[in-house]
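# Commentary on secondary and tertiary structure
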Amino acid sequence: AQRVTQPEKLLSVFKGAPVELKCNYSYSGSPELFWYVQYSRQRLQLLLRHISRESIKGFTADLNKGETSFHLKKPFAQEEDSAMYYCALKASGSRLTFGEGTQLTVNP
Amino acid sequence: DVKVTQSSRYLVKRTGEKVFLECVQDMDHENMFWYRQDPGLGLRLIYFSYDVKMKEKGDIPEGYSVSREKKERFSLILESASTNQTSMYLCASKGQGDGVRYGYTFGSGTRLTVV
């Protein structure tokens, strides 16, 4: 069975500091990994997916199959990055398995 | 340009009541999902449907059932509501195959309180 773990429930950084949100997964096959974000009073939305190897709002994430990780990184955090972030794994079909979430707060 | 609509934003029900949560999408998506969102537990899949009249159990289906009579509508039913079903319920939909960004489209959620 697949599992996604986000070890930090809360993460607080200062504006301009680097930020890394950790995500580890367990799955025996070849996974697809995603990061979703939920800003205050907004819907959950897709931030990025590992297949695209894209940078969205300055965030990047690299899939490390050896360490089974998909950490989300941004070199200089902004106050508008404050949100709840969820890591998700697609194993087969269309269903996603989500992690517990990390609440990021960027302080001025 | 709302694409996934959940009929109620807030709902308060009594223990033992039968509760219906409705979700409608206008994107002609085949796949629809019901999750519950709880602090510290993330999103947990209750049920999903990949076609009309088709349903599959997710990770926590106990105490819930679903109905999908039409492609655009996916209903979550709490047969006999209990206080441990107090939660935020999120509906999502997704089309077949890769879209531009291959993501779920989520509704705004229904916060259900069972008293």
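Attention here is on the structure that accompanies the text. Given the structure is predicted, the values throughout are model-derived calculations rather than measurements.

### Quick notes on the interface of chain A and chain B
- Each partner contributes residues to the interface: chain A has 22 residues there, and chain B has 27 residues.
- Of the roughly 1,900 Å² buried between chain A and chain B, counting both surfaces, carbon and sulfur atoms make up 49%.
- The three residues of chain A that bury the most area against chain B are A:Arg43, A:Ser94 and A:Arg95, which together make up 35% of that side's buried surface.
- Remark: the boundary between chain A and chain B carries one salt bridge.
- In this structure, B:Asp59 and A:Arg95 form a salt bridge, with 2.9 Å as the shortest nitrogen-oxygen distance.
- Across the chain A-chain B interface, the total number found is nine residue pairs in polar contact (both at pLDDT 80 or more).
- At the level of secondary structure, the elements contributing two or more residues to the side of chain A that touches chain B comprise β5 (32–38), β6 (45–49), β9 (83–90) and β10 (96–98) of chain A.
- Looking at side-chain class alone, the side of chain A that touches chain B contains ten nonpolar, four polar and eight charged residues.

### Side note on the state of the cysteines
All names here are of chain A.
- Applying the stated criterion across every chain yields a total of two disulfides over all chains.
- Across a sulfur-sulfur distance of 2.0 Å, Cys23 and Cys87 are joined as a disulfide pair. Taking the torsion about the sulfur-sulfur bond, which here is approximately -65°, the covalent link between Cys23 and Cys87 counts as left-handed. Residue Cys23 is located in the loop between β3 (19–21) and β4 (24–26), and its partner Cys87 is located in strand β9; the two are separated by 64 residues in the primary sequence.
- Residue classification places Cys23 among the buried positions, given a relative accessible area of 0%.
- Accessibility expressed as a relative area gives 0% for Cys87, which makes it buried.

About the thresholds
- Residues numbered from 1 in each chain as written.
- Chains lettered and ligands numbered in written order.
- Predicted model: local features only at pLDDT ≥ 70, side-chain atom pairs only at ≥ 80, totals over all residues.
- Heavy atoms only, no water.
- Contact = heavy atoms within 4.5 Å.
- Buried area = accessible area lost by both parts, 1.4 Å probe.
- Salt bridge = Lys/Arg side-chain N within 4 Å of Asp/Glu carboxyl O.
- Polar contact = N/O pair within 3.5 Å; in protein donor to acceptor, adjacent residues only side chain to side chain.
- Helix = DSSP H or I, 4+ residues; strand = E, 2+ residues; numbered from the N terminus.
- Nonpolar A, V, L, I, M, F, W, Y, C, P; charged D, E, K, R; others polar.
- Disulfide = S-S within 2.5 Å.
- Buried < 20%, exposed > 50% of the residue type's maximum accessible area, 1.4 Å probe, protein only.

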